Amino acid sequence: DNGKAVKQSVDGLPADARIRTIFQDRKGCYWIGTSNLGFFRWQCGPLKAYNKASGLRHNGVRTFLEDRNGSLWVATGSGLARIQDGKLRLYYTDDGLAYGSVRALLEARDGEIWIGTDGGLSRIRDGKFIKDTVTERLASERIWALHQDADGAIWIGTRGAGLFRFLNGRMDRLGSQAGLPNTIHEILEDESGNLWISGPRGVLKVQRKDLNRALESRAKQIPMIWYGTAEGMRSVEMSGGAQPAGAVSPNADVWFPSVQGAVVIPA
């Protein structure tokens, strides 16, 4: 608030709640996800709790997504939840989910819901899970980050297998052989077309057009800038596993969480 961090009280929130992620929906309601007590709806009537006692499979919440129809999707440590018209519905492997541990969510421009898990990728189209060459290609990957760019390409960050791009029905991969990290915690994009990629080795800034060019020409050298302790960070290890694991501010500053506090890279 005006450049200062202030403590925010939430009446009714248990003192032992370990807050992991916060989301504000289009109605102005806040959704507070915790690693131990499920999640809470705040500032839309009385504080309301959603946890194992109220139907969740797991009390560890990793991210929220509000889709174009107003449904709220919730990624947890065991399954995917959806709140639609006030009703809670759960999805698990027997429904078609690739793996129980869910890390990242994305609504693509065509309305599909992309779900990154610790055991592959799932997609929901018209309310149903689909399996195709895309989900098969990533069946064994740990997917921690999802981003769709201005051209419609979907960038997929994994833990261990580098960066994938899905465009025009084709899946391509960039990893350490191209100078990119094999473990990716977050993928952001600024107004200049830069992708900002965080992971346990620091923060990488790379032009999206250079990544596309490398994929199309198989170029081995990609211009990129790394940020680490030499640039003033206390640690190169960025935090991840829950989303969002970074943000681009309205003035184009780039923020990431690290194991040693917040990292801000000025515009």
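Above this text is the structure in question.
About the thresholds
As a convention, each chain's residues are numbered from 1 in the sequence order in which they are written. Given that the model is predicted, a residue must reach a pLDDT of at least 70 before its local features are reported, and side-chain atom pairs must reach 80 or more before they are shown or counted; all residues, however, enter totals for whole chains, interfaces and linings. Side-chain figures throughout are based on the complete set of non-hydrogen atoms in the structure, without hydrogens or water. Every helix listed is a DSSP run of H or I at least four residues long, and every strand listed is a run of E at least two residues long, numbered separately from the N terminus. Only the C-alpha atoms count toward the radius of gyration. The rule for a globule is 2.2 Å times the residue count to the power 0.38. Note on classification: 1.4 Å probe, protein chains only; a residue is buried when its accessible area is under 20% of the maximum for its type, exposed when over 50%, partly exposed between these limits. What makes two residues a contact is simply this: any of their non-hydrogen atoms within 4.5 Å. All accessible areas in this document rest on Shrake-Rupley with a 1.4 Å probe, and a residue is counted as covered only by the protein chains that are shown. Positive: Lys, Arg. Negative: Asp, Glu. His and the chain ends are not part of the count. Charge placement uses NZ in Lys and CZ in Arg. For Asp and Glu, CG and CD serve respectively. Put simply, a salt bridge is a Lys or Arg side-chain nitrogen that is within 4 Å of an Asp or Glu carboxyl oxygen. When the centres of two rings from Phe, Tyr and Trp lie within 6.5 Å, Trp using its six-membered ring, the rings pair. Their planes under 30 degrees apart give stacked, over 60 give edge-to-face, and anything left gives tilted. Two cysteine sulfurs form a disulfide in these notes if their separation is within 2.5 Å. Strand pairing is assigned whenever DSSP identifies at least 2 bridges connecting the two strands.

1. Quick word on the overall build of the protein
Reasoning step 1: Scanning the protein from N- to C-terminus turns up two helices and 23 strands.
Reasoning step 2: In terms of overall size, the protein behaves like a compact globule, its C-alpha atoms giving a radius of gyration of 19 Å where 267 residues would be expected to give roughly 18 Å.
Reasoning step 3: Along the first, second and third principal axes, the C-alpha set of the protein runs to 55 × 45 × 25 Å.
Reasoning step 4: Taken over 267 residues, the protein has a buried fraction of 52%.
Reasoning step 5: Put simply, 41% of the contacts in the protein that link residues at least 6 apart link residues at least 24 apart.
Reasoning step 6: A total accessible area of about 13300 Å² is found for the protein, and carbon and sulfur atoms account for 45% of it.
Reasoning step 7: A distance of 4 Å separates the average location of the 35 positive side-chain charges in the protein from that of its 29 negative side-chain charges.

2. Side note on the pattern of salt bridges
Reasoning step 1: On inspection of all chains with the given rule, the structure shows 13 salt bridges.
Reasoning step 2: In this structure, Asp118 engages Arg103 in a salt bridge whose closest nitrogen and oxygen atoms are separated by 3.0 Å. Here the residue Asp118 occupies a position in the loop between β10 (113-117) and β11 (120-125), and Arg103 occupies one in strand β9 (residues 102-107), the gap between them amounting to 15 residues. For the pair Asp118 and Arg103, a shared accessibility class is recorded, and that class is buried.
Reasoning step 3: Residue Glu112 is joined to Arg123 by a salt bridge in which the shortest nitrogen-to-oxygen separation is 2.9 Å. Highlighted residues: Glu112 in the loop between β9 and β10 and Arg123 in strand β11, separated in sequence by eleven residues.
Reasoning step 4: Arg123 sits in the buried class, given a relative accessible area of 5%.
Reasoning step 5: Bridged by salt links that share partners, the residues Glu112, Arg123, Arg125 and Asp132 form one connected network.

3. A look at the packing of aromatic side chains
Reasoning step 1: Tallied over the full model, the rule gives ten aromatic pairs.
Reasoning step 2: Their ring planes at 5 degrees and their centres at 4.7 Å tell us that Phe39 and Tyr50 sit as a pair that is stacked. Separated by eleven residues along the polypeptide, Phe39 in strand β3 (residues 39-42) and Tyr50 in strand β4 (residues 48-50) bring together distant segments of the chain.
Reasoning step 3: The exposure class of Tyr50 is buried, given its relative accessible area of 7%.
Reasoning step 4: A ring pair is formed by Tyr91 and Phe129, whose centres lie 5.9 Å apart and whose planes are at 65 degrees; its orientation type is edge-to-face. Of the two residues, Tyr91 is situated in strand β8 (residues 87-91) and Phe129 in strand β12 (residues 128-130); the sequence distance between them amounts to 38 residues.

4. Thoughts on the environment of Ser249
Reasoning step 1: Mapped onto the elements of the fold, Ser249 is located in the loop between β21 (247-248) and β22 (254-258).
Reasoning step 2: Taking the C-alpha atoms as reference points, Ser249 and Pro266, separated by 17 residues in sequence, lie 9.7 Å from one another.

5. Examining the environment of Ile222
Reasoning step 1: The residue Ile222 is located in the loop between α2 (208-217) and β20 (225-227) in this model.
Reasoning step 2: Taking C-alpha positions, Ile222 is 9.0 Å from Gln207, a pair spaced 15 residues apart along the chain.
Reasoning step 3: In this structure Ile222 touches Leu174, Ala178, Leu180, Val206, Asp210, Leu211 and Ala214, once residues within four positions along its chain are discounted.

6. Some points on the state of the cysteines
Reasoning step 1: Taken as a whole and assessed by the stated rule, the structure comprises one disulfide.
Reasoning step 2: In this model, Cys29 is linked to Cys44 through a disulfide, with the two sulfur atoms separated by 1.8 Å. Every disulfide takes its handedness from the sign of the S-S torsion; for Cys29 and Cys44 that torsion is -95 degrees, giving left-handed. Note that Cys29 is positioned in the loop between β1 (19-24) and β2 (30-34) and Cys44 in the loop between β3 and β4, a separation of 15 residues in sequence.
Reasoning step 3: Taking relative accessible area as the criterion, Cys44 reaches 25% and is therefore assigned partly exposed.

7. A closer look at the sheet that holds β21
Reasoning step 1: One open sheet accounts for three strands, arranged β21-β22-β23; its pairing is antiparallel. Each edge of the sheet is formed by a strand with only one pairing partner; in this case those strands are β21 and β23 (261-265).

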